[in-house]
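In case you want the letters, here they are:
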Amino acid sequence: MKIINVVGARPQFVKYFSVYNAIMKSNSGASSGIIKDVLVHTGQHYDYNMSKIFFDEFGIKEPEYHLGVGSGPHGEQTGRIIQEIEETLNIEKPDVVLVYGDTNSTLGAALAAVKLHVPVAHVEAGLRSFNMYMPEEVNRILSDNISTFLFCPSETAVANLRNSGYKGVLNNGKLVSSESFPLNDNDSKIGADKNNPLVINTGDVMYDALLYAVDVKENGADILNKLNLNGNEYSLLTIHRAETTDNPDKLREVAGFVNDMSAEIKVVFPMHPRMRSVYDGVNIKFCDNVKVVDPLGYFDLLKLAKSSVFVMTDSGGLQKEAYWLKTPCITLRDETEWIETVESGWNTLYKDCKGAPSRPVKSNDCYGDGKASDRIVATLKRNF
Ligand code: UD1
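Summary of the structure given here. Here the residue numbering is sequential within each chain, running from 1 through the sequence in written order. Residue-level local features of this predicted model are given only where pLDDT is at least 70; pairs of side-chain atoms are given and counted only at 80 or more, and the full residue set underlies all totals for whole chains, interfaces and linings. Hydrogens are left out, water is left out, and the side-chain values use all remaining heavy atoms of the structure.

### Structural notes on the site of the ligand
Neighbouring the ligand are 20 residues, the closest being H45, Y46, N104, E136 and R274. Pairs of N or O atoms are called polar contacts if they sit within 3.5 Å, as long as, within protein, a hydrogen donor faces a hydrogen acceptor (for residues adjacent in sequence, only side-chain-to-side-chain pairs). One nitrogen or oxygen atom from the side chain of D102 is found 3.5 Å from an oxygen atom belonging to the ligand. Notes on the ligand: free accessible area 740 Å², of which the protein chains cover 87%. Secondary structure elements with two or more residues in the shell around the ligand: helix 3 (74-92), helix 5 (135-145) and helix 11 (273-279). A single heavy atom is enough: if one lies within 4 Å of a molecule or strand, its residue is considered near that molecule or strand. For accessible areas, the Shrake-Rupley method is used with a probe of radius 1.4 Å. Any residue's cover is judged against the shown protein chains and nothing else. Only DSSP runs of H or I covering at least 4 residues are called helices, and only runs of E covering at least 2 are called strands; the numbering of each starts at the N terminus.

See the structure below:
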């Protein structure tokens, strides 16, 4: 089986890392059923701290294709991705294309593949914010709609697809959950195709990556020393979503909230380039207690999140990482796709927030068992 994995933006390198590990595991010692993994980097992100640092940290191989698409308006960026991926698919002729999350790289690759009748597998399928003003919501709905394999991170994601009319191909039309779809069942082909997509709750590949990171790098990161911080004395802040940064009123409101919080606690703010590019132009001022630093790699960011009193973010990935690391989170948005984090008390929407969040007593065990990527690879092996 030949898989093309398409990545392009920062969180996709983390997600691919888990799948890459699962492919390596599946290939090691196997005499047949070897998976050929071709990695394509669209180039949506390109700064060292936004891209290469993740490859270096994880020891991911160099991409076989680097498309160098870069930044641009949505149409231009997505259009270039479609065009470049189409050429790559015509050369490589893979059995399946894996796309991740909800970026323009996700949608561009999925569109190129489906038109060439190459099955699309969508990792992180079924998420919904129900806010069509977010480019990510558009990207994920359209990507889901043209995917043959919809790998969901949670039961909520499965339910979202069920509510959109998806049936799933196994178990007489019932949606398939991880419990009814064991990892080691090699007997039967699945028979999913474009007209009969498979929906499965695999769990979240970001959880797989986090378990690896916590295991391997727990004591390695010296970022606290570098930033002159002690644990449990600061809050971690990230802001990067277009829905926040590109709406001056919204950004002012969010900055006002952050400034209020910073009266009580030092805030560390690794600044994404999108935020940096609007920062000077919108007349926004963060208080002196907000310390702006460059974007950080995966392990440093996890270390900062783990050692912080609480996290404030508009990122989807960081909401979950805070949840897994047992750090309370305030989400700087009006809604979240990751509703389990709110329901369990670990995450609060900023409009509902009354001061620094406390640590809830409830457990935090949503989003799978750390074997999502194994499940994804096993599922694909059963179909091809
Ligand atoms: C993209 C995704 C978003 C994801 C985020 C992760 C879309 C629509 N959005 O948002 O879902 O959460 O990635 O970070 O795909 N820039 C640089 N250097 C870089 C990359 C970007 O300077 O390496 C600057 C450019 O000015 C660019 C801007 O950041 O125009 C935004 O980058 P872009 O790729 O358009 O989207 P993100 O905001 O990063």
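### Thoughts on the environment of R382
One can find R382 in helix 15 (residues 372-383). Sequence spacing of R382 and I190 is 192 residues, and the spatial spacing of their C-alpha atoms is 6.2 Å.

### Regarding the sheet that holds strand 2 (residues 36-41)
Backbone-to-backbone hydrogen bonds pair the strands of a sheet. The strands run either parallel or antiparallel. A pair of strands counts as paired when DSSP detects no fewer than two bridges linking them. Spatial ordering of the open sheet is given by 3-2-1-4-5-6-7, a layout of 7 strands whose pairing is parallel. A single partner strand is all that each edge strand has here, and the edge strands are strand 3 (65-66) and strand 7 (198-201). Across 2 bridges, the pairing between strand 2 and strand 3 is parallel. The residue bridging V40 from the neighbouring strand is Y65, located in strand 3.

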